[in-house]
Amino acid sequence: MKWEPVIGIEVHVELETQSKMFCGCAVDFEAEPNTNVCPTCLGLPGALPVPNRKAIEWITKIGLAFNCSISERSQFHRKNYFYSDQPKNYQISQFDVPVCHDGWIDVTVDGETSRIRVNRAHMEEDTGKSIHVGESGRIHSATETLLNFNRAGVPLVEIVSEADIRSAAQARAYAQTLRTVVAALGVSDAKLEEGSIRFDANVSIRPTGTEAFGTKVEVKNMNSFRSLERAVDFEILRQADILDQGGTIDQETRHWDEGEGVTHSMRSKEGSSDYRYFPEPDLLPIEVTDEWRNEIAATLPELPAARAARYMGLGVDADSATSLAGSDALTAMFQSSLAAGAPAQVAANWLTGEVTAWSRRAAIDIADSALTGAHVAQLAGMVAANLLSSTAAKEVLGYVLAGEGDPETVAAAHDLVQINDSGALESAVDQVIGENEDQFARLAGGEDKLIGFFVGQVMRVTGGKADPRAVTDIIRSRIG
Amino acid sequence: MTNPADLTLVEAATALKAGDQTSVALTEAVLTRASLTEAAVHAYLTIDRSGALAAAEAADRRISKGRSIGPLDGLPIALKDNMMTRGVETTASSKILAGYIPPYDGTVVARLREAGAVFVGKTNLDEFAMGSSTENSAFGPTRNPWNLDTVPGGSSGGSAAAVAAGSALAGLGSDTGGSIRQPAALCGLVGMKPTYGLVSRYGLIAFASSLDQIGPLTHTVEDAAIVYEAIAGHDPLDATSFPGPAPSGTERLGEGVSGLRVGIVNELSGEGIDDEVLAAFRTTVQRLASAGAEIVELSLPSTATALSAYYLIAPAECSANLARFDGVRYGLRVDGGTVDEMMSRTRADGFGPEVIRRILLGTYALSAGYYDAFYGQAQRVRTLIIQEFARAYEQVDVLVSPTAPAPAFELGAKTQDPLSMYMQDICTIPSNLSGHPAMSVPVGLSATGLPIGFQVMAPALGETVMFQVAAAIENLSDDIGRPVLEVVAS
Ligand SMILES: [Zn+2]
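Residues numbered from 1 in each chain as written. Chains lettered and ligands numbered in written order. Predicted model: local features only at pLDDT ≥ 70, side-chain atom pairs only at ≥ 80, totals over all residues. Heavy atoms only, no water.

Q: I keep staring at a nonpolar patch on the surface and nothing clicks. Help me out?
A: Residues and elements named next belong to chain A. A surface patch of nonpolar side chains, about 230 Å² in accessible area, is lined by I131, V133 and L146. By the element assignment, I131 lies in strand β8 (residues 129-134). Looking at I131, the relative accessible area reads 44%, which means it is partly exposed. (Patch = residues over 30% accessible without salt bridge, like charges linked within 9 Å, V, L, I, M, F, W, Y side chains within 5 Å. Areas by Shrake-Rupley, 256 points an atom, 1.4 Å probe, with all protein chains shown as cover. Salt bridge = Lys/Arg side-chain N within 4 Å of Asp/Glu carboxyl O. Helix = DSSP H or I, 4+ residues; strand = E, 2+ residues; numbered from the N terminus. Buried < 20%, exposed > 50% of the residue type's maximum accessible area, 1.4 Å probe, protein only.)

Written as structure tokens, this is what we have:
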């Protein structure tokens, strides 16, 4: 490849603390517009910020999960820019001394693991939301703008990677891994579709084998992991095209258009590049003592990477282990399946396969389904005992997920249990032979393709509950 | 008999306790005084007659039942109009906030309310507290009751003029570079700025957050100490609030200065100071020496750069603090074709020239490429000043200087020359940069009958000794009396 992509990812994570970053207002996105507001988060004259200790604890947790150093004293800064949904026209953020710095996470693509360095994770506050009222819903043709300040002041953690990412697939894997870790920490609901976790990509390319960075372009507005990957891919190709034709890349911010599958240049806000950062005089430095940091470290849950490694130790394949470990609901279901006696790999297959597919199709969270670990163990037992064909087992699982009952009950109710009684099978075979003597003579005479006809007839007679392999064996024994 | 409007807080409280006065009578007296003086003085932007009388009646009910809630119960006080008062218009003397009714009380206002104080109204100031004469008000200047041709100082000139004129028994001001002490000096009052962090800033419209402090303007040192004690103390709503208990203001008021070491800051007591002010300063220092204080002359060279540092730090902070006034959520809105245009027009129309000058200065000082040379350098100077003062306080208990370089000047005399106006605060600014407490005490009158102030500065949390020295100075000085206003006399 002629060009090497150089990619950095900036992630904004909304913390799900009870109250906002600098006031006592509730963090609640369902509430009626402008009901969770007060003088501080509305930027009324005279109001002052008081930092939320829980948010500081949680960003420290995030930093520790990403192997960051934690600053003993970090500093809030004011980031100055005018925007109508930003109540003070400055954002309280951090600048030269963030809470967390110099960490890393491992990211795996196609079995190959790379270490992506995390430059920093800093604490800031979210803005309000603008709703542009007008024909297109876009700002430039809006006739009115409605402002909702319920989100203003919600604690936001910005996690900035180094430019260590080298492909769109790796960018996606980084984002997915990061989301999984944040979700596992329980500090955010980390939902892309609701904007509680948001990804921006800085993309540049350089001739393969060189060191100097190219001009970087910031790409925004990716609402899914897939669109992140597509947007980065598009941007790499767009830049390569320009450079191949002897052009130059403009340093700019571009907007990903999901429908068209392209990035568009955003009208640049003049002066927006100089935020005139200065230390926030209303706030003292954030102190995270060694003692507090250690207390926080002790509360860290088992993180997905460690959990996946543990599952692989139980004999689960790497892909399934990663999928299980990345989801709280799957992890819980898997653990209870093991506890009920299900074999690890079998339970893993069901959970990452059929169960996950059903959950997506039905748009029902696995945790909210009727399925239990005991069900998984029972189902695995029935398949092992040859009581269910694999096709029947899938059907049974569907009924269990739909809440019809446990696998044994459901299999019986739907008449899906295999006939394992050899006497019953033999008499069914003999009955079919008796009804089709001519065809049997031809089979016995060497016309072997007729075996399929006989198996089919036996399946018809047994209502599909016979094991075709056992039926075949009995028919052959009759040929002698 | 003294008109009740001319009582000190202590005298008024004593009269209330003895049943010789009622809060309603005191309140009526200051309201009547205001009705006589306001046309000439214009200390107030808003007078809340009904609110004040209702509070006074409530105080009288408490007092008559023997349930007074403290030394300020029932006493009429004026609030600078940059302090949030629930339900009462608060403008910071800016067109951009004309008509703004706050939904909440600032912490200081709430504490005084709980202490039973009666709020007469909201006093005039230089717009957003930026100025030293109260001429930069969108609603017209305030005049000095000692001489109506002169300014009362600023930016807390409205509160100072109200107390001097007797249209309140005490007032609250805010001090960012001298905005309590300089008007106190020019209006013949005691004015005090506490240690940074001792008084909550919650509900004070921010000018320069790292410098602003609220403090009292009163006739006597004891009155100032009483108001200071009522408003000081930790506030969980202000993250920069000092967590420990506030030092006492009243504890050592009568103890004199014998054995105390008093430092004269050479740099603040010579060049640029008017002869009469310097003479009054020296006389007072001699009186302190005679009273047993040890006088030490000190050099604090960094004070020479304090003014420059202040005029980078304060505008830088104000450029961000005033960004919220944009026409979107409250206050003035001047419509435009786009939101950006609306914001620009609102701000251009809503802010006065001095405010715009400082926002521009501050924006420039923070700009990329200039930050280090301006804001960064100013912060280094500030650190130097803090260190130099800290070393000085190892040698002395308090530092002293004149408060303002000259007595009150005529209206309009400096409005065309911002730099000479900025020089008004040359002696007061260092204490804001260092965060230390400082206060002004009246020590005499000029030949033309204008008051002259004397500044006492103390180390961080040194309020007790500062009040002690100030009270001694008050005792050693000749009483300057009260201004004589023809409208009142006739
Ligand atoms: Zn709030």
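Q: Help me understand the pairing of strand β8 (residues 294-298) of chain B in this model?
A: In summary, the side chains of a regular strand alternate between the two faces of the sheet. Residue and element names in this part refer to chain B. As judged from the five bridges shared by strand β7 (residues 261-265) and β8, these two strands associate in the parallel manner. Bridged to G263 within β8 is V296. Regarding topology, helix α8 (residues 275-290) serves as the crossover connection from β7 to the parallel β8, and that connection is right-handed. (Pairing = 2+ DSSP bridges. Right-handed = clockwise from strand over helix to strand, strands pointing away.)

Q: Would you take a moment to explain the interface of chain B and chain A for this structure?
A: When the parts come together, some accessible area is lost, and that loss is often what is quoted as the size of the interface. Each side of the interface is counted separately: chain B has 38 residues, and chain A has 32 residues. Around 2700 Å² of area is buried between chain B and chain A when both sides are counted, 61% of it from carbon and sulfur atoms. The tally of links between chain B and chain A comes to one salt bridge. A salt bridge links A:D282 to B:R201, with the nearest nitrogen and oxygen atoms 3.0 Å apart. Connecting chain B to chain A are 14 residue pairs in polar contact (both at pLDDT 80 or more). Sorting the residues of the side of chain B that touches chain A by element identifies α9 (306-321), α10 (339-350) and α11 (353-366) of chain B as the ones contributing at least two each. Residue composition of the side of chain B that touches chain A, grouped by class: 24 nonpolar, seven polar and seven charged. (Contact = heavy atoms within 4.5 Å. Buried area = accessible area lost by both parts, 1.4 Å probe. Polar contact = N/O pair within 3.5 Å; in protein donor to acceptor, adjacent residues only side chain to side chain. Nonpolar A, V, L, I, M, F, W, Y, C, P; charged D, E, K, R; others polar.)

Q: What's the story with the coordination of the zinc ion in this structure? I'm lost.
A: Any two of four tetrahedral donors ideally make an angle of 109.5 degrees at the metal, while pairs among six octahedral donors ideally make 90 or 180 degrees. On the protein side, the zinc ion has A:C23 (SG), A:C25 (SG), A:C38 (SG) and A:C41 (SG) as donor atoms, found 2.3 to 2.4 Å from it. Taken together, the four donor atoms coordinating the zinc ion and their angles of 101 to 115° define a geometry best described as tetrahedral. (Donors = N, O, S within 2.8 Å, 3.2 Å for Na, K, Ca; no water. Tetrahedral: all angles 85-135°; square planar, octahedral: opposite > 155°, others 65-115°.)

Q: Quick question: what am I supposed to make of the pairing of strand β4 (residues 170-175) of chain B here?
A: All names here are of chain B. With six of six residues buried, β4 is to be regarded as a mostly interior element. Side-chain alternation along β4 places A170, L172 and S174 on one buried face and G171, G173 and D175 on a second face that is also buried. Bridging between strand β2 (residues 76-80) and β4 involves three bridges; their strand directions are parallel. By the bridge assignment, L79 is partnered in β4 with L172.

Q: Whenever I open this one, the domain arrangement of chain A confuses me. Can you help?
A: By domain assignment, chain A separates into domain 1 (3-295), domain 2 (304-413) and domain 3 (422-479). With centres defined by C-alpha atoms, the gap from domain 1 of chain A to domain 3 of chain A works out at 67 Å. (Domains from an automatic or database assignment.)

Q: I would appreciate a short explanation of the nonpolar core in the present structure.
A: Where a protein is soluble and globular, its nonpolar side chains tend to be buried together. Core analysis: the biggest nonpolar cluster contains 203 residues, and A:I9, A:F66, A:M123, A:I159, A:Y174, B:F128 and B:L399 have the highest contact counts within it. One finds A:A344, A:W358, A:L388 and A:L401 within the second-largest nonpolar core, a separate group that totals 34 residues. (Core = buried A, V, L, I, M, F, W, Y, C linked by side-chain atoms within 4.5 Å.)

Q: Could you clarify how one ought to interpret the packing of helix α12 (residues 422-435) of chain A against helix α15 (residues 468-479) of chain A in this entry?
A: Working note: a packed helix pair is described by the angle between its axes plus the distance between those axes. Residue and element names in this part refer to chain A. Two numbers describe how α12 lies on α15: the axes approach to 10 Å, and their chain directions differ by 55°. When the interaxial angle is binned, α12 and α15 end up oblique. The two elements α12 and α15 meet at a crossing, and its hand is right-handed. Residues L425, E426, V429, D430 and I433 of α12 pack against A470, V471, I474, I475 and R478 of α15. In terms of residue class, the contact of α12 with α15 is built from seven nonpolar, no polar and three charged. (Axes fitted to C-alpha atoms, helices over the stretch in contact; angles between N-to-C directions. Parallel < 35°, antiparallel > 145°, perpendicular 65-115°, else oblique. Left-handed = near helix turned anticlockwise from the far one by under 90°.)

Q: For this particular structure, what's the right way to read empty space enclosed by the protein?
A: Empty space among the atoms can be located by rolling a probe the size of a water molecule over them. Scanning all chains against the criterion turns up six cavities of 30 Å³ or more. By volume, the largest cavity is sized at about 110 Å³. In terms of lining, the largest cavity is formed by 16 residues, of which the most central are A:K88, A:E125, A:D126, A:A152 and A:G153. Residue contributions to the lining of the largest cavity peak at three residues, all from strand β5 (residues 90-94) of chain A. Within the lining of the largest cavity, the residues separate by chemical class into eight nonpolar, five polar and three charged. In this model, the second largest cavity occupies a volume close to 70 Å³. Lining the second largest cavity, in full, are A:P45, A:G46, A:A47, A:L48, A:D282, B:I205, B:A206, B:N321, B:R324 and B:F325. Of the residues contributing to the lining of the second largest cavity, the split by class is six nonpolar, two polar and two charged. (1 Å grid on protein atoms, 1.4 Å probe; cavity = no way out; pocket = protein on both sides within 12 Å on 5 of 7 lines; lining within 4 Å. Points joined across faces, edges and corners; volume = space filled by probe spheres on them.)

Q: Would you mind showing me how to read the sheet that holds β5(A) here?
A: Across a sheet, strands are paired by hydrogen bonds formed along the backbone, either parallel or antiparallel in direction. Residues and elements named next belong to chain A. Read across the sheet, three strands follow the order β5-β4-β15 without closing on themselves; strand pairing throughout is antiparallel. Looking along the sheet, the strands with just one partner apiece sit at the ends: β5 and β15 (278-279). One ladder, built from five bridges, connects strand β4 (residues 76-80) with β5; its direction is antiparallel. Bridged to K79 within β5 is Q91.

Q: In this structure, what is going on with the confidence of the model for chain B? I would like to understand it.
A: The predicted coordinates should not be examined in detail at positions where pLDDT is low. Of all residues in chain B, 99% attain a pLDDT of 70 or more, and the chain-wide mean is 96. Under the prediction, the complex receives an ipTM of 0.96, its pTM being 0.88. (pLDDT = per-residue confidence, 0-100.)

Q: Even after reading the chapter, I still don't get the pattern of salt bridges, so can you show me in this structure?
A: When charged atoms on two side chains of opposite charge get close, those side chains can pair. Inspection of the entire model under this criterion finds 46 salt bridges over all chains. In this structure, A:D467 and A:R469 form a salt bridge, with 3.8 Å as the shortest nitrogen-oxygen distance. Under the relative-accessibility criterion, A:D467 is labelled buried at 7%. Residue B:R201 is joined to B:D238 by a salt bridge in which the shortest nitrogen-to-oxygen separation is 3.8 Å. Within this pair, whereas B:R201 is found in the loop between β5 (190-193) and β6 (213-218), its partner B:D238 is found in the loop between α7 (221-231) and β7, the two being separated by 37 residues in sequence. When its relative accessible area of 2% is taken as the criterion, B:R201 is described as buried. Members of the salt-bridge network, linked through shared partners, are A:R78, A:E280, A:D282, B:R201 and B:D238.

Q: Just checking my understanding: could you explain the sheet that holds strand β14 (residues 262-265) of chain A for this structure?
A: All names here are of chain A. Spatial ordering of the open sheet is given by β2-β6-β7-β10-β1-β11-β12-β13-β14, a layout of nine strands whose pairing is mixed. With partners counted over all chains shown, the strands left at the sheet margins are β2 (69-70) and β14, one partner each. Bridge analysis of strand β1 (residues 3-14) against strand β10 (residues 155-161) gives five bridges, and the strand direction is antiparallel. The partner of V11 across the bridge, within β10, is I159. Relative to the sheet, helix α1 (residues 53-65) contacts β2, β6 (100-109), β7 (112-125) and β10, its axis offset from that of β7 by approximately 165°.

Q: Looking at this structure, I do not really get α11(B). What am I missing?
A: Because each turn of an α-helix spans 3.6 residues, side chains separated by three or four positions in sequence point in the same direction. For α11(B), with 14 residues, the first-to-last C-alpha span of 20 Å sits near the 20 Å given by 1.5 Å per residue. Buried residues of α11(B): B:E354, B:V355, B:R358, B:I359, B:G362, B:A365 and B:L366, and no others. Viewed along the axis of α11(B), the buried residues span an arc of 135°, placing them on a single side of the element. Residues of α11(B) that are exposed and point more than 90 degrees away from the buried face comprise B:P353 and B:L360. The inward-facing, buried residues of α11(B) abut β15 of chain A together with α9, α10, α12 (372-395) and α13 (418-422) of chain B. (Expected span 1.5 Å × (residues − 1). Arc of directions from axis to C-beta.)

Q: Hey, could you run me through the side chain of A:E252 in this one?
A: Residue and element names in this part refer to chain A. Looking at the secondary structure, you find E252 in the loop between α3 (225-244) and β13 (253-257). Polar contacts involving the side chain of E252 include one to the side chain of R254, which spans 2.8 Å. Contacts of E252, omitting those with residues within four sequence positions, involve K216, V217, E218, R238 and S265.

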